[in-house]
Amino acid sequence: MKLTSTAFEQGKAIPSKYTCDGVDVSPPFQWIDPPPKTACFVLISDDPDAPMGTWVHWIIFNIPAEEKELKEGIPTMDKLPNGAIQGLNDSRSVGYSGPCPPSGTHRYFFKLYALDTRLSLSPKARKADVVKAMENHILTQAELMGTYRRR
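Student: Let's hear about the pairing of strand β4 (residues 55–64): which residues, and what values?
Tutor: With nine of ten residues buried, β4 is to be regarded as a mostly interior element. Sheet analysis places strand β3 (residues 40–47) next to β4, joined by seven bridges and oriented antiparallel. Residue Leu43 lies in a different strand from β4, and its bridge partner there is Ile60. As paired strands, β4 and strand β6 (residues 85–86) are joined by two bridges and run antiparallel to one another. Residue pairing for β6: Phe61 is matched across the bridge by Ile85.

As structure tokens, this is what we get:
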């Protein structure tokens with residue numbers, strides 16, 4: 001499975017549009033070659049360079065298996081029309097919260113997981129709960145990393 005974005009390339013800068021310095025909307029993502037027995041996808045975005053430890057920017061799970069993209073600007077709502085559910089990020093809000101590093105250049109990892117089952121979790125689930133629920137259900141994963149430094 002491969003994860004890409006039309007907004008930024010692997011290891012390159014994330015445009016400010018998708019950060020706290022811009023309109024802070026989620027970037028678009030596309031993926032190819034998921035395993036045949038995929039039941040759903042999970043996307044987790046975090047910043048391991050945050051001063052207080054890894055900072056979670058976005059959790060979206062139970063993305064339907066037939067989906068092959070997340071469009072730009074996913075609404076910040078618990079449940080999306082396609083059945084996907086969004087968790088609570090470390091800003092204590094639902095949905096995407098873009099890069100906003102206090103200093104220096106930070107790395108932002110977008111990790112897509114293909115699972116063999118849907119997750120029985122409520123909206124506003126935290127990363128630890130999602131990671132625990134995914135145990136023994138990950139078929140494969142893909143990752144895209146972008147960087148951001150405030151101007």
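More follows now that the structure is in view.
Student: Explain the state of the cysteines to me, using residue names and the numbers behind them.
Tutor: Under the definition given, this model contains one disulfide. Paired by a disulfide, Cys20 and Cys100 hold their sulfur atoms 2.1 Å apart. On the S-S bond that ties Cys20 to Cys100, the torsion sits near 80 degrees, and the link is right-handed. Of this pair, Cys20 sits in the loop between β1 (2–4) and β2 (29–32) while Cys100 sits in the loop between β6 and β7 (105–115), and the two are 80 residues apart along the sequence.

Student: Provide a residue-level description of the nonpolar core, including the pertinent values.
Tutor: Among the nonpolar cores identified, the biggest contains 24 residues, and Leu3, Phe29, Leu43, Ile60 and Phe110 are the most heavily contacted of them. At the level of secondary structure, the elements contributing two or more residues to this core comprise β2, β3, β4, β7 and β8 (138–149). The greatest single-element share of this core, amounting to four residues, is contributed by β7. Those residues in contact with Leu3 that sit more than four places away from it in its chain are Phe29, Gln30, Trp31, Leu43, Phe110, Leu112, Ala142, Glu143 and Leu144. Grouped together as the second largest cluster of nonpolar side chains are 13 residues, Cys40, Val56, Ile59 and Met134 included.

Student: Mind laying out the sheet that holds β3, listing which residues take part and the relevant values?
Tutor: Read from one edge of the open sheet, five strands run β6-β4-β3-β7-β8, paired in antiparallel fashion. Lying at the two open borders of the sheet, with one neighbouring strand each, are β6 and β8.

Student: Explain the environment of Leu80 to me, and be specific about the residues and the numbers.
Tutor: Here Leu80 is to be found in the loop between β5 (69–70) and β6. What makes Leu80 buried here is its relative accessible area of 10%. Discounting chain neighbours no more than four positions away, the residues touching Leu80 are Ile60, Ile74, Pro75 and Gln86.

Student: An account of the pattern of salt bridges is requested, with residue identities and associated values reported.
Tutor: Evaluated as defined, the whole model comprises seven salt bridges. Its salt-bridge partner being Lys17, residue Glu72 comes within 3.0 Å of it at the nearest N-O pair. A residue pair is termed long-range when its members are at least 10 positions apart, and Glu72 in the loop between β5 and β6 and Lys17 in the loop between β1 and β2 qualify at 55 residues. Salt bridges linked by common partners bring Asp46, Lys111 and Lys127 together as one network.

Student: Could you give me a rundown of the packing of aromatic side chains, with the residues and numbers involved?
Tutor: Throughout the structure, instances matching the rule amount to six aromatic pairs. Ring geometry for Phe29 versus Trp58: centroids 6.5 Å apart, planes at 40 degrees, classification tilted. One end of the pair, Phe29, is in strand β2; the other, Trp58, is in strand β4, with 29 residues separating them in the sequence. Here the two residues Phe29 and Trp58 agree in accessibility, since each one is buried. In textbook terms, an aromatic cluster arises when at least three aromatic residues are bridged by ring pairs, as seen for Phe8, Phe29, Trp58, Tyr96 and Phe110.

Student: Please provide a residue-by-residue account of the side chain of Thr38, values included.
Tutor: Position of Thr38 relative to the elements: it lies in the loop between β2 and β3. With residues up to four places along the chain from it excluded, the contact list for Thr38 reads Ala65, Ala114, Leu115 and Leu139.

Rules of the game
Residues numbered from 1 in each chain as written. Predicted model: local features only at pLDDT ≥ 70, side-chain atom pairs only at ≥ 80, totals over all residues. Heavy atoms only, no water. Buried < 20%, exposed > 50% of the residue type's maximum accessible area, 1.4 Å probe, protein only. Helix = DSSP H or I, 4+ residues; strand = E, 2+ residues; numbered from the N terminus. Pairing = 2+ DSSP bridges. Disulfide = S-S within 2.5 Å. Core = buried A, V, L, I, M, F, W, Y, C linked by side-chain atoms within 4.5 Å. Contact = heavy atoms within 4.5 Å. Salt bridge = Lys/Arg side-chain N within 4 Å of Asp/Glu carboxyl O. Phe/Tyr/Trp six-rings, centres within 6.5 Å; stacked < 30°, edge-to-face > 60°.

Note that every value here comes from positions in space, so none of it alone points to a role or purpose.
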